Amino acid sequence: MTRRFKRKNKRSKSFRAGLIEQYKFRERVEKEEKARKYVLNLSNHELNNEEVLLLSKGLKFIPTPKTKNAKNQIMLSFNEFARKLRCKYHFGGQEKTNNLHPFRIKSGFEPDRGCENLEKYIELTKLELSSIQMRQTHDNLSLRERHAIKQLKSLKDVVIKKADKSNTIVILDKEMYKREGEKMLNSPHYEEVEQPNLHEIDNAIMKIIGEMKMNSMFDKETIKYLTSGQTYRVGRLYLLPKIHKLNEQLITNVRHGACNELPIMPPGRPIISQIGTPAERIGHYCDYFLVPIVRMQNTYIKDTSDFINKIESLKLNPDCLLITYDVTSMYTNMTFDELLNAVGRSYNEHTLQSQLELNCPTKQNMLDLLKIILENNYFEFNGKHYRQRIGAAMGAVPSPEICDIRMYEITNAMMSQFQYREKIAFHGRYRDDGFIIYNGTLQEANHLFEIGNAIHDLLKFTYEISETEMTFLDTTVFKGNRFSTQNVLDIKTHMKKTNNFQYLHRESAHPTSVFKGFIKGECYRLLRNTSDNSVLDSALQSFNDKLMLRGYCETETIPIIQEVKHKNRKDLLKPKSAKQRKEKHILVTKFDPRIKGIKKRLMKNWKLISEDSLLKTIFQSAPMIAYKKHQNLGDILTSSIVYQ
């Protein structure tokens, strides 16, 4: 009897174990199937399941950092925090905190030791932090996924990139990627050159800066920013694959392993990174003075909130046409001379000076600096050096403003030649995208763009016209219930077809505040962009469902969503006023999920400062913590350089 029972018990245990294994297998298969929608492999390299699961977490996913040096990082961060406290004490809290200088750089100034209570706080807090315990936490990647990182890094024949206009991660054949880049560089817009002399470019910039300095055009902070020693490099060209240009059926076949056309290289969007180049800082300086010129344009749209406010203020004709237009390759289809001439016509230092705190450069100084930036746009690709001959580089800091100024002239010329311009109820433009509400006929609207396409040899307008609905920025504007009763257009959030909703994965090694902030920010966007509450409820539910697919749980998402629902939409659409900057004392360190209680240790002895008659007047707020990120998958697996 006992033997039969034991034999039966063993069989039942074996049966249960088999069921568990089957369940785990089905769960893993489903997980891998869902993961494939976030990754598009257009190369001949066959990704294994672990590589797909890893990439599906997204390029912003941060693996759990290594334990080594975690406590040392905190102590180094606290030393910098202590230096800032001593600086604050040294200057008696008299530094300007309301408006930071736009070109401020870290001074690295080491003040003398502070008063007794300040030094006592620093020493005691240092002891508290040095005794902090590392708690046990699970690795957010499996051993197989850790191995997948090494495998993907070792691949020499593929390039990993984020898709253009999408978060999809694309695996490309390296040779085809190179050929696509070289094909683009063989156009009249670019020319191959010898390795550029960066010191000559820097000397040309410094010569102009020296002349401006002699004319007292700079304050101390600005001249320090522009002339502090740097190590320069040439720019780097990389391509973002335009997978939205591929046939949808082809993409489906690729994802299901039913495509026989691999490898495939979609068209690429060229981006030239100017980080670390001689023109980077002077580009920031010029951009500071060009932004106000763009903001003064009567068609200027700052952002989605600005667009919605303008649209919702209009009472419209029931038969009006909704029109959007796009300027093809705006950045790369304008000559240097026309860009500089446009800036010259719009630049008035006397008008600008009334809006800005810093001394405005003269028109000639501005044009000379922009000329150097445009004409010395050198970059490397596949071991060769090139220079852009036409247009402004996408990636250069002042390029959007320079092109925007010229584009404003072109659209104004188009409107001045249009005989029915009085029928235009609204015209707004954000960079190379425009939105028009027109009270005329379809034929008249078509004629407007015939005029536009005849103005410039290289720039061409593409456009769409609808009587009912149109997409602009991240909104869909349409004639709905509100329009039928109030003649005010309805608005809802637009989701691009290419959007695969690859939100930040919940298991990423980010602080909890980042996840909460991201959820709240997206909910605010949906509320701001939606004029109908019933549409909003559906959008928020859809957002919540997609968060579940990225590892979130409803116990953290639902309270935030409910909180946002009770917000007033009008408050979110109000233009943000310049807030008075509050004094803050911030410990900046890298986030580690194994370390908890840093804020508690910072505050334990803060009473030494808050109860000191002098220190409490200098340090009027409690210390805070801000986290820097560790390397994410994008930092580890992608590069702007194409290695041989």
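Residues numbered from 1 in each chain as written. Predicted model: local features only at pLDDT ≥ 70, side-chain atom pairs only at ≥ 80, totals over all residues. Heavy atoms only, no water.

Chemist: Explain the overall build of the chain to me, please; I cannot follow it from the model alone.
Modeler: Along its length, the chain carries 25 helices and 17 strands. The principal-axis extent of the C-alpha atoms belonging to the chain is close to 100 × 70 × 60 Å. When each of the 644 residues of the chain is scored for burial, the buried share is 47%. In the chain, once contacts between residues fewer than 6 apart in sequence are set aside, the share between residues at least 24 apart is 79%. (Helix = DSSP H or I, 4+ residues; strand = E, 2+ residues; numbered from the N terminus. Buried < 20%, exposed > 50% of the residue type's maximum accessible area, 1.4 Å probe, protein only. Contact = heavy atoms within 4.5 Å.)

Chemist: Just checking my understanding: could you explain the sheet that holds strand β14 (residues 475–478) for this structure?
Modeler: The strands making up a sheet are joined through hydrogen bonds of the backbone, oriented either antiparallel or parallel. With antiparallel pairing, 3 strands are arranged side by side in an open sheet as β13-β14-β15. Strand pairing shows two members of the sheet lacking a second neighbour, β13 (469–472) and β15 (490–493), which therefore form its edges. Going across the sheet, the axis of each strand differs from the next one's by a mean of 25°, ignoring polarity. Pairing analysis gives 4 bridges linking β13 to β14, with the strands arranged antiparallel. The residue of β14 that forms the bridge with Met470 is Val477. (Pairing = 2+ DSSP bridges. Axes fitted to C-alpha atoms, helices over the stretch in contact; angles between N-to-C directions.)

Chemist: Could you clarify how one ought to interpret the packing of aromatic side chains in this entry?
Modeler: Where two aromatic rings form a pair, the distance of their centres and the angle of their planes describe that pair. Per the counting criterion, the structure on display carries 30 aromatic pairs. Both rings, one in Tyr288 and one in Phe289, keep their centres 5.0 Å apart while their planes meet at 90°; by these two values the pair is edge-to-face. You can call Tyr288 partly exposed: its relative accessible area is 22%. Feature note: the residues Phe103, Phe218, Tyr225, Tyr285, Tyr288 and Phe289 constitute an aromatic cluster, connected by ring pairs. Between Arg550 and the ring centre of Tyr38, over which it is positioned, the NZ or CZ distance is 4.6 Å. (Phe/Tyr/Trp six-rings, centres within 6.5 Å; stacked < 30°, edge-to-face > 60°. Lys NZ or Arg CZ within 6 Å of the ring centre and 35° of its normal.)

Chemist: Would you mind going over the pattern of salt bridges with me for this structure?
Modeler: For side chains of opposite charge, pairing can occur when their charged atoms come near one another. One pass over the full model with this rule turns up 33 salt bridges. Between Arg345 and Glu409 there is a salt bridge whose closest N-O contact spans 2.8 Å. Residue Arg345 is found in helix α12 (residues 336–346), and its partner Glu409 is found in helix α15 (residues 399–417); the two are separated by 64 residues along the sequence. Accessibility expressed as a relative area gives 54% for Arg345, which makes it exposed. Among the ionic pairs, Lys574 bridges to Asp571, the shortest N-O distance being 3.4 Å. Since its relative accessible area comes to 44%, Asp571 is described here as partly exposed. Where salt bridges share partners, they join Glu338, Arg345, Arg406 and Glu409 into one cluster. (Salt bridge = Lys/Arg side-chain N within 4 Å of Asp/Glu carboxyl O.)

Chemist: I would appreciate a short explanation of the packing of α12 against α15 in the present structure.
Modeler: The packing of two helices is summarised by the inter-axis angle and the distance between the axes. Put simply, α12 and α15 touch, their axes get as near as 9 Å, and they point 80° apart. On the basis of their axis angle, the class for α12 and α15 is roughly perpendicular. Seen from α12, the contacting residues are Glu338, Leu339, Ala342, Val343, Arg345 and Ser346; seen from α15, they are Ile402, Cys403, Ile405, Arg406 and Glu409. Of the residues contributing to the contact of α12 with α15, the split by class is 6 nonpolar, 1 polar and 4 charged. (Parallel < 35°, antiparallel > 145°, perpendicular 65-115°, else oblique. Nonpolar A, V, L, I, M, F, W, Y, C, P; charged D, E, K, R; others polar.)

Chemist: Quick question: what am I supposed to make of a positive patch on the surface here?
Modeler: Together, Lys84, Arg104, Lys106, Lys590 and Lys628 give the surface a local cluster of positive charge. Note that Lys590 resides in strand β16 (residues 585–590). (Patch = residues over 30% accessible without salt bridge, like charges linked within 9 Å, V, L, I, M, F, W, Y side chains within 5 Å. Areas by Shrake-Rupley, 256 points an atom, 1.4 Å probe, with all protein chains shown as cover. Lys, Arg positive; Asp, Glu negative; His and termini not counted. Charge placed at Lys NZ, Arg CZ, Asp CG, Glu CD.)

Chemist: Teacher, can you tell me more about the sheet that holds strand β10 (residues 424–430) here?
Modeler: One open sheet holds the 4 strands; their spatial order is β10-β11-β7-β12, and the pairing between them is antiparallel. Whereas interior strands pair on both sides, the edge strands pair on one side only; in this sheet they are β10 and β12 (461–466). Adjacent strand axes in the sheet meet at a mean angle of 15°, parallel and antiparallel pairs treated alike. Taken strand by strand, α15 contacts β7 (321–327), β10, β11 (433–438) and β12, and its axis lies near 160° from that of β10. Where helix α16 (residues 442–455) meets the sheet, it contacts β7, β11 and β12, and its direction lies at approximately 170° from that of β12.

Chemist: Mind showing me how you'd approach the environment of Pro270 here?
Modeler: Assignment of secondary structure puts Pro270 in strand β6 (residues 268–273). Its relative accessible area of 16% is what places Pro270 among the buried residues. In this structure, the C-alpha to C-alpha distance between Pro270 and Ala393, residues 123 residues apart in sequence, is 8.7 Å. Apart from the residues within four sequence positions on either side, Pro270 is in contact with Met184, Tyr190, Leu237, Tyr238, Leu239 and Met394.

Chemist: How should I be thinking about the pairing of strand β3 (residues 169–173) in this particular structure?
Modeler: Every other side chain in a regular strand lies on the same face of the sheet, so the side chains alternate between the two faces. Burial analysis of β3 places 5 of its 5 residues in the buried class, the great majority of the element. Side-chain alternation along β3 places Ile169, Ile171 and Asp173 on one buried face and Val170 and Leu172 on a second face that is also buried. Alignment of strand β1 (residues 39–41) against β3, held across 3 bridges, turns out to be parallel. Following the sheet pairing, Val39 is matched in β3 by Ile169. Taking the residues that link successive antiparallel strands as the turn, the strand β2 (residues 158–162)-β3 hairpin has 6 residues, and the phi of Lys165 there is positive, at about 60°.

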